[in-house]
Amino acid sequence: MITSSGTCPFAHNVSVIDRYAQVIVDAEHLRLPQPFTYRVPPDAPYPLPVGACVLVPFGTRRLVGYVVECIAEPTTTAQIKDLHSILDSPPAFDPLTYDLVRWTASRYHCGLLEVLRCFLPEGMSSHIRKLWRVRDADSPDRVSQQQLALLQAIKQMEGSASAKSLGDSLGEPASPTVLKALVSKGLLEEVYVLEPPRLHSKLQSGVRLAKLPTEEDLQALERRTKAQAGLLRALSQSSEPQAPRLTTELIAATGAPDSALKSLVKKGWLEACQIAISRNPVSSVRAVTFRPSLTEDQRRTLAEILRALSRQQPSVPSRSSAPGRRFLLHGVTASGKTEVYLQAIQRCVESGRQALLLVPEIALTAQVLETIKGRFGTNAAVLHSRLSDGERYDEWQRIARGDARVVVGARSAVFAPLRNLGLVILDEEHETSYKQDSSPRYHTRDVAAKRAELSRAVLVLGSATPSIETFQWAQERHLSLLEMPRRIDDRPLPVVELVDLRATEKPPTIFSEQLLDRLRDRLSRGEQAILFLNRRGYATFVLCRDCGYAARCPNCSVTLTYHAYSNLVQCHHCGHQRVAPTKCPKCGGDRIRHFGLGTERLEAEAKKLLPEARTIRMDQDTTSRKGSHQALLRALREGEANLLIGTQMVAKGLDFPQVTLVGVVAADTSLNLPDFRAAERTFQLLTQVSGRAGRGVIPGEVIVQTFNPEHYSLQAASHHDFQAFFDKEIVFRRELDYPPFTRLASLVYSRHSREEAERLSRSMVRALQQTLEEQRSDAVVLGPAPAPLERLKTRYRWRSLIKARNIRVLNALLNAALERIPAAEQEGLLIDVDPVSLL
């Protein structure tokens, strides 16, 4: 406990040479761009290790900080304060981690602490809590009524209280002015309490042998009570007789009553203890042990990766010299990329190193885990956002200790505490879900590549539909390209038919005749099908046919989506919801109609038209509960369902041999978005979802419904021809100067006032233009203009874009321009380097 009137436990001796430490201060809600310099007192150990947890003065407070470097000379001329104390805990991170933190903060223009928190998940580190403690128990006469009320409230809470507990007691926030006055009068003192991490290991009751019994002891005890003697004998004759044993497991194994165990504790033969229990997030996941023989394509590809794993050369510092340790694995759907990953991971683990397998969706994590559990058992850990805090804590600790050699997870798993990383695999590398949409706005692909470089690890990016940027890098030989152009057993790729909805004589319906006929045929044969629609809900919007009123979100520039199962209209951006109207709130008319199409309506129509269909739906509405992904996929695997309806989470990674038909209900949904990547996203989605069909012995078929069948992305997808799509798309990117030929940064000002957002955005663009003239850069600044989604969560958004030839030029321009903008005007500025969406 540290008081405001207390002194530093280190007495600074001016005769000793000063030593300094750079410290990242854990100041909540503050974006601190650099470490602060503190003096390390002579009584403290030196040098402090990188990641050491320390207590430092920060303004009028005491805060936890993390040492990132020890230096001989200060980097500032400002007054330097002493470290207050060194906390007794192991280093929170290592030098390699800090190198990655610095790189990520610099690349994505965010604070060091923001990135560091990715490596120190909430609840896993110590923190400081500020309390006010009464110094004089007597009620003084020299205080006001308001001050007296505060004093009495604190006394009732055992003499000390935090700001929150005091506010809860009073029913309103405690006045900082009143608290400060009481401190100045010597009636209160500020106290800083170091609290341990909120999360900790789960403990259960156990026992251990206090002493080993002799045979005579056991025989004597057996004459009095056979139950106690049997339990004691079982423990003493086990392979590890004095190892702690869980009480519940011991009773279950021996059949002895609980009373016998308690009696042995009282007699001194056993002693009670607490045993840490690992919360296992994959305990309900079934283990799949099937190991197929490799195809020629798989053997050739795996051999290249294993050759790289066997070379222990230092990692190269730049992408241009990376071939040999960085790979793009381009394999068609069902070509067996996952088996290549697994055998490469196996070799990595056998060599004594750790492996990281990243997947874009939690649904994929659930399916991959079955095979991972079968191959690696308890040697594997899983990290994703659906874990409980306790499960995440236990998995994090197992990884940090080295107990888990294989880590499988979604985006945030790229920050897992792997100390001996040898292999990084990014499956479905093209997926936009690898991009973080809040600060730090990192792209998992680039962070994974940098982490592999720093760790001298092999990097494998895998996809049937690589991003245009990644494939272009491979063409320029910045990545080694590995091709797997054939499916396992040379099974044919599914036949794709584009159905032109413009040609139908009747008004367009959800199901074309072609799609409905194929569904009936496949389901009647006992096969399974998937219907894909990348829009959830029942209807896209609710409209009054009399006056044209549409239910809109009060917080965002969008209409509300109708959900029939709950009879609510909802905003999928801010979460606003209300009961769906039955009468028009504007004109009072009752001709309220539902327009547009979502997965919920698609499921309802499928049930109506296909009575033989046993449907399940996978979207955000049906997979919000823990374990829901596994349950739905298990139902499909075990034949309880024969028709899977879903959004993009059904488009990738799923491997069900009985799925022989895929129907794409509305291929134009993603094609018409105001984004230069719209064609690429459409091609990727169609190719990926098409790849779910025909993965078994029965050939697959795909029906794609569209109003634009001539579009080159749909034509290429119908022929499974990535190269044809790439050759067409890369020409447009080069002509329009878009990535991969340039790098982008999106700058969005978000304000409650539209005028204020516009003013600040124009000011930012002026600063950028002035910097361009000074630097004589060939970068381009576009905008400002209202963002396509202008209002989001009650805030108006204005955007400008920077387009530069490379990341170095872009960051130099942005850094220099930000120096021209006052710090107050940078509040609410969202900087997104390499954005994947411009909505």
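To start, this report covers the structure provided alongside it.

### Some words on the overall build of the protein chain
Check the secondary structure of the protein chain and you find 23 helices and 34 strands. In terms of overall size, the protein chain behaves like a compact globule, its C-alpha atoms giving a radius of gyration of 31 Å where 839 residues would be expected to give roughly 28 Å. Over its C-alpha atoms, taken along the principal directions, the protein chain stretches across nearly 90 × 85 × 70 Å. Going through the 839 residues of the protein chain one by one, you find that 53% of them count as buried. Taking contacts inside the protein chain between residues at least 6 apart in sequence as the whole, the part at least 24 apart equals 76%.

### Section: the pattern of salt bridges
Under the defined criterion, the tally for this structure stands at 50 salt bridges. Among the salt bridges present, the one from arginine 522 reaches glutamate 701, with a minimum N-O distance of 3.1 Å. Here the residue arginine 522 occupies a position in helix α16 (residues 513-524), and glutamate 701 occupies one in strand β30 (residues 701-706), the gap between them amounting to 179 residues. Taken as a pair, arginine 522 and glutamate 701 share a single burial class, namely buried. In this structure, the salt-bridge partner of arginine 695 is aspartate 655, at a minimum N-O distance of 3.2 Å.

### Some details on a nonpolar patch on the surface
On the surface, Val731, Phe732 and Leu736 cluster together into a nonpolar patch covering about 240 Å² of accessible area. When you line up the elements, phenylalanine 732 lands in helix α21 (residues 722-736).

### What about the sheet that holds strand β24 (residues 568-570)?
Strand order in the open sheet made by the 3 strands is β23-β24-β25, with antiparallel pairing throughout. A strand with exactly one partner marks an edge of an open sheet, and here the two such strands are β23 (561-563) and β25 (577-579). Averaged over all pairs of adjacent strands, the angle between their axes in this sheet comes to 30°, without regard to strand direction. Pairing geometry for β23 and β24, over 3 bridges, is antiparallel. Counted as the bridge partner of threonine 561 is glutamine 570 from β24.

### Quick word on the side chain of glutamate 391
Along the chain, glutamate 391 falls in helix α13 (residues 389-401). Looking at glutamate 391, the relative accessible area reads 9%, which means it is buried. Among residues more than four places away in sequence, those in contact with glutamate 391 are Arg279, Asn280, Pro281 and Lys626.

### Points about unusual backbone geometry
Glycine aside, the phi torsion of most residues is negative, and most peptide linkages are trans. Each neighbour pair has its own omega, and for serine 439 with proline 440 the value is 0°, a cis peptide bond. Within the secondary structure, proline 440 sits in the loop between β17 (421-427) and α14 (444-455). Backbone torsion omega between glycine 783 and proline 784 reads 10°, so that peptide bond is classified as cis. Looking at the element boundaries, proline 784 is found in strand β32 (residues 780-792). Phi at arginine 456 takes a positive value of approximately 60°, unusual for a residue other than glycine. Note that arginine 456 resides in the loop between α14 and β18 (458-463). The backbone of lysine 793 shows a phi angle near 55°, a positive value even though the residue is not glycine.

### Remarks on the packing of aromatic side chains
On inspection of all chains with the given rule, the structure shows 16 aromatic pairs. For the ring pair tyrosine 66 and phenylalanine 93, a centre distance of 6.1 Å and an interplane angle of 55° mean the geometry is tilted. Highlighted residues: tyrosine 66 in strand β5 (residues 61-71) and phenylalanine 93 in the loop between β6 (85-86) and α1 (95-108), separated in sequence by 27 residues. The class for tyrosine 66 is buried, based on a relative accessible area of 2%.

Here is what the cut-offs are and how they apply
The written sequence of each chain sets the order in which its residues are numbered from 1. Thresholds applied to this predicted model are a pLDDT of at least 70 for local features of residues and 80 or more for the giving and counting of side-chain atom pairs; totals over whole chains, interfaces and linings are not thresholded and use all residues. To get the side-chain values, all heavy atoms of the structure are used, and hydrogens and water are removed first. Here a helix means four or more residues in a row that DSSP labels H or I, a strand means two or more in a row labelled E, and each is numbered from the N terminus. Radius of gyration means the value over C-alpha atoms here, while the globule rule gives 2.2 Å times the residue count to the 0.38 power. Each residue gets one of three labels from its accessible area relative to the maximum for its type: buried under 20%, exposed over 50%, partly exposed in between, using a 1.4 Å probe on protein chains only. Any two residues whose heavy atoms approach within 4.5 Å are treated as being in contact. Any carboxyl oxygen of Asp or Glu within 4 Å of a side-chain nitrogen of Lys or Arg constitutes a salt bridge here. Like charges are joined within 9 Å and nonpolar side chains (Val, Leu, Ile, Met, Phe, Trp, Tyr) within 5 Å, but only among residues with over 30% relative accessible area and no salt bridge; these make up the patches. Throughout, the Shrake-Rupley method with a 1.4 Å probe supplies accessible areas, and for residues the shown protein chains are the sole cover considered. At least two DSSP bridges between two strands are required for those strands to pair. Orientation is described by lines fitted to C-alpha atoms, with helices fitted over the stretch in contact, and by angles between N-to-C directions that extend from 0 to 180 degrees. Pairing of aromatic rings covers Phe, Tyr and Trp, the last counted by its six-membered ring, and requires centre-to-centre distances within 6.5 Å; plane angles under 30 degrees mean stacked, over 60 mean edge-to-face, and any other angle means tilted.

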